[in-house]
Amino acid sequence: MADDAFMKPELPESLRNLMKMSIEQAKRAFETFAATSENTWKTLESSSQTARTGLRSLNEKIAEITRNNAEANFALALKLAESKDVGQAMELQTEHARKQMDAFVRQLEEIRDLAAQVIQDSTPPGMPGATSG
């Protein structure tokens, strides 16, 4: 019986929780990307040229962020596949989660700033949010 436990080592709950957190974060990021992309393209159909250009930049930024996050997750998966033991896998996952949370904060700031610029550039003069120039 003791051999059965040795032959089937179980992942610690903390590692499973970290993995779940990363998956949930990736899912939220994808859902945000999909919703933003859909709204962006709907808005592009009826926007001014200035707004279309800004929204295109916003969509390109979101695509870049999504690509970078996917690449980081694939890199983690490869490292996990090469890990020698559960401890090493936990270290890799923990470091990845920390880096991704830092990246997530930066990415949200980039999107916020770009979205604010798009709104400012596409707001007609005299409307709230417009700047006099």
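Reference entry: report on the structure contained in this document. (Residues numbered from 1 in each chain as written. Predicted model: local features only at pLDDT ≥ 70, side-chain atom pairs only at ≥ 80, totals over all residues. Heavy atoms only, no water.)

## Observations concerning the overall build of the chain
In terms of regular secondary structure, the chain is built from four helices and zero strands. Ordering the α and β elements of the chain from the N terminus gives α-α-α-α. Looking at the 133 residues of the chain, the share that counts as buried comes to 21%. When contacts within the chain are restricted to residue pairs at least 6 apart in sequence, long-range pairs at least 24 apart make up 62% of them. Approximately 9,600 Å² of the chain is accessible, and the part contributed by carbon and sulfur atoms is 59%. (Helix = DSSP H or I, 4+ residues; strand = E, 2+ residues; numbered from the N terminus. Buried < 20%, exposed > 50% of the residue type's maximum accessible area, 1.4 Å probe, protein only. Contact = heavy atoms within 4.5 Å. Areas by Shrake-Rupley, 256 points an atom, 1.4 Å probe, with all protein chains shown as cover.)

## Focus on the environment of L58
Along the chain, L58 turns up in helix α3 (residues 49-82). Judged by its relative accessible area of 7%, L58 falls in the buried class. Taking C-alpha positions, L58 is 7.0 Å from I111, a pair spaced 53 residues apart along the chain.

## Looking at the side chain of N69
Mapped onto the secondary structure, N69 falls in helix α3. In this structure N69 comes out as buried when scored by relative accessible area, which is 13%. Once residues within four sequence positions are removed from consideration, N69 is found in contact with Q100 and Q107.

## Side note on the side chain of Q93
Along the chain, the position of Q93 falls in helix α4 (residues 86-122). Since its relative accessible area comes to 3%, Q93 is described here as buried. When neighbours within four sequence positions are excluded, Q93 is seen to be in contact with L15, L18, M19, S22, L76 and L80.

## Here we look at the pattern of salt bridges
As enumerated under the stated definition, the model contains six salt bridges in all. Residue K61 pairs with E64 through a salt bridge whose shortest N-O separation is 3.5 Å. A residue pair is termed a helical-turn pair when its members lie 3 or 4 positions apart in one helix, as K61 and E64 do in helix α3 at three residues. On the accessibility criterion, E64 (33% relative accessible area) is partly exposed. When the shortest N-O distance is used, the salt bridge between R98 and E95 registers 2.6 Å. One end of the pair is R98 and the other is E95, both in helix α4 and three residues apart, which spans about a single turn. A relative accessible area of 43% means that R98 is categorised as partly exposed. (Salt bridge = Lys/Arg side-chain N within 4 Å of Asp/Glu carboxyl O.)

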